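Each chain, letter by letter, is given below.
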Amino acid sequence: MSHPAAAEARPPSRAGTSWTFLTHHGHVLLAVARSPDARVADVAARVGISPRATLTILKDLETAGYVRRRRVGRRSHYTVDPHRHFRHPADADHEIGELLAIFAADAEGT
């Protein structure tokens, strides 16, 4: 029998989730920060969106300067600029590196 507190600590299943705190743009950014050489299909699968939507988001992030793409053979290598500021005026005084640090710390603990 599981402990009630342990059940509360687990995230809800994807099927029961109608919204999240991070947008798809945020999830794609985190995915390429974690795996700069990941294929678009792999990023799409991790985020739970189509490869076409992933490409559109990567282009948005690249155009805005959050991500730089460099071709390495037939693959793309992504570099995230951690010093870019959040776009929303309420958060514009923060750099996205702060968000990346939170999730990097989370990834190290797993």
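Quick note: structure is the one above.
Note that the structure is a prediction, hence the values are computed from the model and not measured.

(A) Quick look at the side chain of Ser 76. Mapped onto the secondary structure, Ser 76 falls in strand β2 (residues 75-80). When its relative accessible area of 13% is taken as the criterion, Ser 76 is described as buried. Among the polar contacts listed, one links the side chain of Ser 76 to the side chain of Arg 71, at a separation of 3.3 Å. Setting aside residues up to four positions removed in sequence, Ser 76 forms contacts with Pro 36, Asp 37, Arg 69, Arg 70 and Arg 71.

(B) Spatial organisation of the pattern of salt bridges. Overall, the coordinates contain 2 salt bridges when judged by the stated rule. Across the pair Arg 39 and Asp 42 runs a salt bridge whose closest N-O atoms are separated by 3.0 Å. Residue classification places Asp 42 among the partly exposed positions, given a relative accessible area of 36%. Here Arg 69 and Glu 62 are joined by a salt bridge, their closest N and O atoms 3.8 Å apart.

(C) Broad picture of helix α3 (residues 40-47). Turning to α3, its buried residues number three or more, namely Val 43, Ala 44 and Val 47. Down the axis of α3, the smallest arc covering the buried residues is 100°, so these residues share one side. Downstream of α3 by one or two residues, Gly 48 has phi in the positive range, about 90°.

(D) Spotlight on the pairing of strand β1 (residues 67-72). Here β1 pairs with β2 via 6 bridges, running antiparallel. Residue pairing in the sheet places Val 67 in a bridge with Val 80 of β2.

(E) Expanded view of the packing of aromatic side chains. Taken as a whole and assessed by the stated rule, the structure comprises 1 aromatic pair. Ring geometry for Trp 19 versus Phe 21: centroids 4.9 Å apart, planes at 75°, classification edge-to-face. Here Trp 19 matches Phe 21 in class, with each residue exposed.

(F) Here's a closer look at the environment of His 25. Along the polypeptide, His 25 turns up in helix α2 (residues 24-34). We classify His 25 as partly exposed; its relative accessible area is 31%. For the pair His 25 and Ile 57, spaced 32 residues apart in the sequence, the C-alpha separation amounts to 5.9 Å. For His 25, the side chain forms a polar contact with the side chain of Asp 60, separated by 2.9 Å.

(G) Up close: the nonpolar core. In this structure, Val 28 and Val 67 are the most contacted members of the largest nonpolar core, which totals 20 residues. Mapped onto this core, the elements with two or more residues apiece are α2, α3, α4 (51-63), β2 and α5 (96-108). Take this core: its biggest share by element is 5 residues, from α2. Excluding residues that lie within four positions of it along the chain, Val 28 makes contacts with Val 43, Val 47, Ile 49, Ile 57, Leu 58 and Leu 61.

Quick notes on the rules
Residues numbered from 1 in each chain as written. Predicted model: local features only at pLDDT ≥ 70, side-chain atom pairs only at ≥ 80, totals over all residues. Heavy atoms only, no water. Helix = DSSP H or I, 4+ residues; strand = E, 2+ residues; numbered from the N terminus. Buried < 20%, exposed > 50% of the residue type's maximum accessible area, 1.4 Å probe, protein only. Polar contact = N/O pair within 3.5 Å; in protein donor to acceptor, adjacent residues only side chain to side chain. Contact = heavy atoms within 4.5 Å. Salt bridge = Lys/Arg side-chain N within 4 Å of Asp/Glu carboxyl O. Arc of directions from axis to C-beta. Pairing = 2+ DSSP bridges. Phe/Tyr/Trp six-rings, centres within 6.5 Å; stacked < 30°, edge-to-face > 60°. Core = buried A, V, L, I, M, F, W, Y, C linked by side-chain atoms within 4.5 Å.

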